[in-house]
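So the chains spell out like this:
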Amino acid sequence: MTAERLSFAASAPLTMGVELELQLVHRRDCDLTRAASDLLALVARARHPGEIKPEITESMIEVSTGVHTRHRELLAELEAIRAALVAAAERLNVGVCGGGAHPFQRWSERRITDNPRMRHVSQLYGYLAKQFTVFGQHVHLGCPDGDTALWLLHAFARYLPQLIALSAASPFYQGVDTAFDSSRLNAVFAFPLSGRAPFVLRWDAFNDYFARMRRAGIVESMKDFYWDIRPKPEYGTIEIRVCDTPLTVARAAALAAYAQALARWLLAERPDPVTEDVYLAYTYNRFQACRFGLDGEIVDPLTGERRAIREDVLATIERLAPHARELGSRDALDEIAAVLREGNDARWMRARHADSGSLADLVWQQVERLRGVKRPPW
Amino acid sequence: MRELFFLPDIPPAAQLPWYALLLLGAAIAGEAIERWLRLPRLLGWIAVGAALGPHALGALGERSLAALAPLLDLAIGMVLFELGQRVDLTWVWRNPSVLGASVAESALSFGLMYAVLAALEAPPLVAAAAAAIGMATAPAVVLAVTRDLRSQGQVTERALLLTALNSAYAVIAVGVLLAWLAREYHGDWRAIVLHPLYLIFGSLALAAVFARATLGLLALLGRRREAQFLCVLALVMIAVWAAASLKLSVLLALLGYGAATRLLDRRRLFVSLEFGRLGTILLILLFALTAASLDWRLLAAGVFAGAVLLAARLAGKIVGVLAFARLSGLPVRKASLLALALAPMSGIAIVLTHETARLYPQFGASLAAVMLSAIALMELLGPLLAHFALVRAGEAAAEAPA
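Keep in mind it's a predicted model, so treat the numbers as computed, not measured.

Rules of the game
- Residues numbered from 1 in each chain as written.
- Chains lettered and ligands numbered in written order.
- Predicted model: local features only at pLDDT ≥ 70, side-chain atom pairs only at ≥ 80, totals over all residues.
- Helix = DSSP H or I, 4+ residues; strand = E, 2+ residues; numbered from the N terminus.
- Buried ≥ 20, exposed ≤ 12 C-beta atoms within 10 Å, placed from the backbone.
- Contact = placed C-beta atoms within 7 Å.
- Rg over C-alpha atoms; globule rule 2.2 N^0.38 Å.
- Axes fitted to C-alpha atoms, helices over the stretch in contact; angles between N-to-C directions.
- Left-handed = near helix turned anticlockwise from the far one by under 90°.
- Nonpolar A, V, L, I, M, F, W, Y, C, P; charged D, E, K, R; others polar.
- pLDDT = per-residue confidence, 0-100.
- Pairing = 2+ DSSP bridges.
- Core = buried A, V, L, I, M, F, W, Y, C linked by C-beta atoms within 7 Å.
- Parallel < 35°, antiparallel > 145°, perpendicular 65-115°, else oblique.
- Expected span 1.5 Å × (residues − 1).
- Arc of directions from axis to C-beta.

Some remarks on the overall build of chain B
Logical step 1: A tally of helices and strands in chain B yields 16 helices and zero strands.
Logical step 2: Across the 402 residues that make up chain B, the buried fraction comes to 51%.
Logical step 3: In chain B, the share of contacts with a sequence separation of at least 24, taken over all contacts with a separation of at least 6, comes to 81%.

Observations concerning the overall build of chain A
Logical step 1: Each helix and strand counted, chain A has 14 helices and 13 strands in total.
Logical step 2: A compact globule built from 378 residues should have a C-alpha radius of gyration of about 21 Å, and chain A, at 20 Å, falls within 12% of that.
Logical step 3: Expressed along its principal axes, the backbone C-alpha trace of chain A runs to roughly 55 × 45 × 40 Å.
Logical step 4: Within the span of chain A, comprising 378 residues, buried residues form 49% of the whole.
Logical step 5: Sequence-distant contacts, at least 24 apart, represent 77% of the contacts inside chain A between residues at least 6 apart.

Description of the interface of chain A and chain B
Interface extent is often summarised as the accessible area lost during association of the parts.
Logical step 1: Each side of the interface is counted separately: chain A has 21 residues, and chain B has 19 residues.
Logical step 2: When residues of the side of chain A that touches chain B are traced back to their parent elements, those giving at least two are helix H1 (36-43), helix H2 (71-91) and helix H14 (359-371) of chain A.

A word on the packing of helix H13 (residues 297-323) of chain B against helix H14 (residues 332-341) of chain B
All names here are of chain B.
Logical step 1: The N-to-C vectors of H13 and H14 enclose an angle of 145°; their axes lie 8 Å apart at closest approach. The way H13 lies across H14 gives a crossing that is right-handed. Facing Lys317, Ile318, Val321 and Leu322 of H13, the residues of H14 in contact are Val332, Ala335, Ser336, Leu338 and Ala339.
Logical step 2: Across the contact of H13 with H14, the residue classes break down as seven nonpolar, one polar and one charged.

Remarks on the confidence of the model for chain B
Logical step 1: Averaged over every residue, the pLDDT of chain B is 85; residues scoring 70 or more account for 89%.
Logical step 2: As a predicted assembly, this complex carries a pTM of 0.89 together with an ipTM value of 0.86.

Here we look at the environment of Val134 of chain A
Residue and element names in this part refer to chain A.
Logical step 1: With respect to the secondary-structure elements, Val134 resides in the loop between helix H4 (127-131) and strand E5 (136-142).
Logical step 2: Along the sequence, Val134 and Ile56 sit 78 residues apart, while their C-alpha atoms lie 10.0 Å from each other.
Logical step 3: Residues contacting Val134, with those up to four places away along its chain left out, are Gly100, Ala101, Ser170, Arg184 and Ala187.

Things to note about the environment of Lys317 of chain B
All names here are of chain B.
Logical step 1: Structurally, the position occupied by Lys317 is in helix H13.
Logical step 2: Assessed through the 27 C-beta atoms surrounding it within 10 Å, Lys317 is described here as buried.
Logical step 3: Between the C-alpha atoms of Lys317 and Ala234, which are 83 residues apart in sequence, the distance is 36 Å.
Logical step 4: In this structure, Lys317 is in contact with Glu105, Ser109, Ala339 and Leu342, ignoring residues within four places of it in sequence.

Overview of the environment of Arg268 of chain B
Logical step 1: Note on placement: Arg268 of chain B falls in the loop between helix H11 (250-264) and helix H12 (276-293).
Logical step 2: Arg268 of chain B sits 49 residues away from Ala219 of chain B along the chain, and the two C-alpha atoms are 9.9 Å apart.
Logical step 3: With sequence-adjacent residues up to four places away left out, Arg268 of chain B is seen in contact with Ser358, Ala360, Asp361 and Trp364 of chain A.

Digging into the pairing of strand E11 (residues 237-244) of chain A
Residues and elements named next belong to chain A.
Logical step 1: Taken across its eight residues, E11 has seven buried, putting it largely inside the fold.
Logical step 2: In the sheet, E5 pairs with E11 via six bridges, with the strands oriented antiparallel. Residue pairing across strands places Gly142 opposite Thr237, the latter belonging to E11.
Logical step 3: Examined bridge by bridge, strand E10 (residues 229-232) and E11 share four bridges and lie antiparallel to one another. Counterpart to Ile229 in the pairing with E11 is Ile240.
Logical step 4: Adjacent in sequence and paired antiparallel, E10 and E11 are bridged by four residues, among which Gly236 carries a positive phi angle near 70°.

A closer look at the nonpolar core
Logical step 1: Residues Ala132, Leu254, Ala288 and Ala341 of chain B are the most contacted members of the largest nonpolar core, which totals 133 residues.
Logical step 2: Top element by residues in this core is helix H8 (residues 154-186) of chain B. It accounts for 17 residues.
Logical step 3: If you look at the next biggest cluster of nonpolar residues, it comprises 103 residues, including Phe206, Ala261, Ile336 and Leu370 of chain A.

Topic: the pairing of strand E3 (residues 60-64) of chain A
All names here are of chain A.
Logical step 1: Pairing of strand E1 (residues 16-26) with E3 involves five bridges; the strand directions are antiparallel. By the bridge assignment, Leu20 is partnered in E3 with Val63.
Logical step 2: By the bridge criterion, four bridges tie strand E2 (residues 51-54) to E3 in an arrangement that is antiparallel. Opposite Glu51, over in E3, you have Ser64 as the bridge partner.
Logical step 3: With antiparallel pairing between neighbouring strands as the criterion, E2 and E3 make up a hairpin whose turn holds five residues.

Side note on unusual backbone geometry
Logical step 1: A positive phi is found at Asn93 of chain A, a non-glycine position, where the angle reads about 60°.
Logical step 2: Its place among the elements puts Asn93 of chain A in the loop between H2 and strand E4 (94-97).
Logical step 3: Positioned with a positive phi, Glu121 of chain B is a non-glycine residue whose angle comes to about 65°.
Logical step 4: Topologically, Glu121 of chain B is positioned in the loop between helix H5 (96-119) and helix H6 (124-135).

Topic: the packing of helix H3 (residues 62-86) of chain B against H11 of chain B
Residues and elements named next belong to chain B.
Logical step 1: Between H3 and H11, the shortest axis-to-axis distance is 7 Å and the interhelical angle comes to 40°. With respect to each other, H3 and H11 are oriented oblique. Between H3 and H11 lies a crossing whose hand is right-handed. In this structure, H3 uses Ile76, Gly77, Leu80, Phe81, Glu82, Leu83, Gly84 and Gln85 to contact H11, whose residues at the interface are Val250, Leu251, Leu254, Leu255, Gly256, Tyr257, Gly258, Ala259, Thr261 and Arg262.

Here's the deal with helix H8 (residues 203-215) of chain A
Residues and elements named next belong to chain A.
Logical step 1: Between its first and last C-alpha, H8 extends 18 Å over 13 residues, near the 18 Å set by a 1.5 Å rise per residue.
Logical step 2: By the burial criterion, the buried members of H8 are Trp203, Phe206, Asn207 and Phe210. Viewed end-on, H8 has its buried residues packed into an arc of 100°, placing them on one side of the element. Counted as exposed and oriented over 90 degrees from the buried face of H8: Asp204, Arg212 and Arg215.
Logical step 3: Turning to H8, the residues buried within the fold contact helix H5 (146-156).
Logical step 4: Once H8 ends, the next one or two residues include Gly217, with phi positive near 75°.

Focus: helix H6 (residues 160-167) of chain A
Logical step 1: Where burial is concerned, most of H6 of chain A is hidden: eight out of the eight residues are buried.
Logical step 2: When H6 of chain A is considered as a whole, its buried residues turn out to be Leu160, Pro161, Gln162, Leu163, Ile164, Ala165, Leu166 and Ser167 of chain A.

Pasting the structure below:
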């Protein structure tokens, strides 16, 4: 069995990388459209940084950056990838946009990408696989070893509601206002292996757990866990998976840099004890964040205090300030502070929809927002 | 009998049995073809039309065809409007090579068909008119096949755009050539210049006026599917009538009307159009009646020349589309499939051929036979090729559960 043990590839601490799942929409009706393979074929011909890959359905595409230490460089790479993608999409007359879920697509219309892994997922999960047409941002944070990775993973649990509320961008789903800021995570919770990682702090112990799960035939690889945060041993990172894909790459870069600053603070100051208790109010807090966004009220698992997520973020930003200065990500903190003032993407989407009364028009504005064009006033 | 005043003197609803016969036959044949042969339903509709038509069983005589004619006009109008709605003319601006492919495939298929017809010793102007007619892909077939398969992707989108464009080229070219022919006949040079100009700009102006009116009306109605549908249906009827009355090109006017409503609709007032069941009924009538009016005996008369003509036409489309494949960002395999999807030949070609033959007897019965047998061949082959192309391109929707 030793051959099957996962070895944690060390990576430079506090490095970060971002993956974004993006929507491909038709320019006429703004519904999701099958375009991924055509788009990938065209993008492959041009030189661009990062990676652009297929996802579970033909209406989805995933972009990922390289490894970065600086917010500014991460943002520059994301913008370059965005530019390459948008240029190709324009030539194929397809729209690309952010957002955690498509506002009105019918999941039964989706088509599973034709490759072995996706076919397997589709066979195993049935309609869940198609309902999983949701779009998330994943943030990777580098860790020097497996033990640090597990400690950081559990220390982060207390702050996940912040990331959910800040990134939430899926208020509409299947044509209705869900009342949630992030309806996307509800689609994730339906999977049997979603939720949180088991509370173990040593990589050896985690390996034992993984080996037992595999022997029992429950999982084959780490990919089968759909946890909110999971270790990614081959990269030497922890992967935060709760964020909706934001509507702009600037927001995506800011969220990653915020997580990076959080990690630096947590590792440097170890502000809270990390015990199983951090999961006391976990699912309740997560629900509050999904449902109410920044207005959600979370319970501090250690003190039992209630406070609005908005205030929690504000307090955290203050503590992160010196760390952000060191990391060169003050701009990112400013963007996060702006989200607190102006509201998250879900709020923007609701306001746009209230304006025009049309979900299709909302999607089109999302396309323009990702591309970075201002809408003419008429 | 006074107390029975409500009974009519003549049998009411005299036309209804004809509609019923057509629809019933089309429903059964369409499903049979779909279920057992896994081929597009519209082949069944065509077969029923051909079987019932005056040239075969004769169940539908010339008179009943005439009775169904107004609905046929509406069907053509709706098809053209929907096609116009579904194409995005601004694409050409973002990817000029798509326009390049369009011009190349039309010009090459025109040139090659002209060569074939010239070799058959058709007079130059007449050969040119026939070749121009042949440039067009059938809008109704492409629309029906993409709807039937619920296909999405580059081949689908480009087939729709290139169909709209080559149909427009065909109308304009035929207009110009007919004006030349007219001069040879009547010796009036003004017709050469003014007639095509009237045809093109008049049709486009009509399209713009109707598009503005439609969007104005939609702004009042709001995004209500039912109301929008009725509204558009009514306006399409009026537009067809207006274009025909003004002797403009119904094709150009209605295509332009659809395209302009999309182009000018900045606020996305237009909820995506679903012609749904009514659309299907209109398509059935369109295909069945077109097939009924075809004289299939001509097929035998000109089958060889017709086949050569079709081969030349297809070759032109393949070379034209492939030449711009890479530039326009389409893999060679998909470009070849796109060319096949453009194969269907237009029912409008029948009208144009008959019209040309009637106006200009030198068009000649033999040339008309060649054209009509080519069209008849494509009537069955075209939908098959388009269906095959979209399925092989992987753009058809997965099987929907019953």
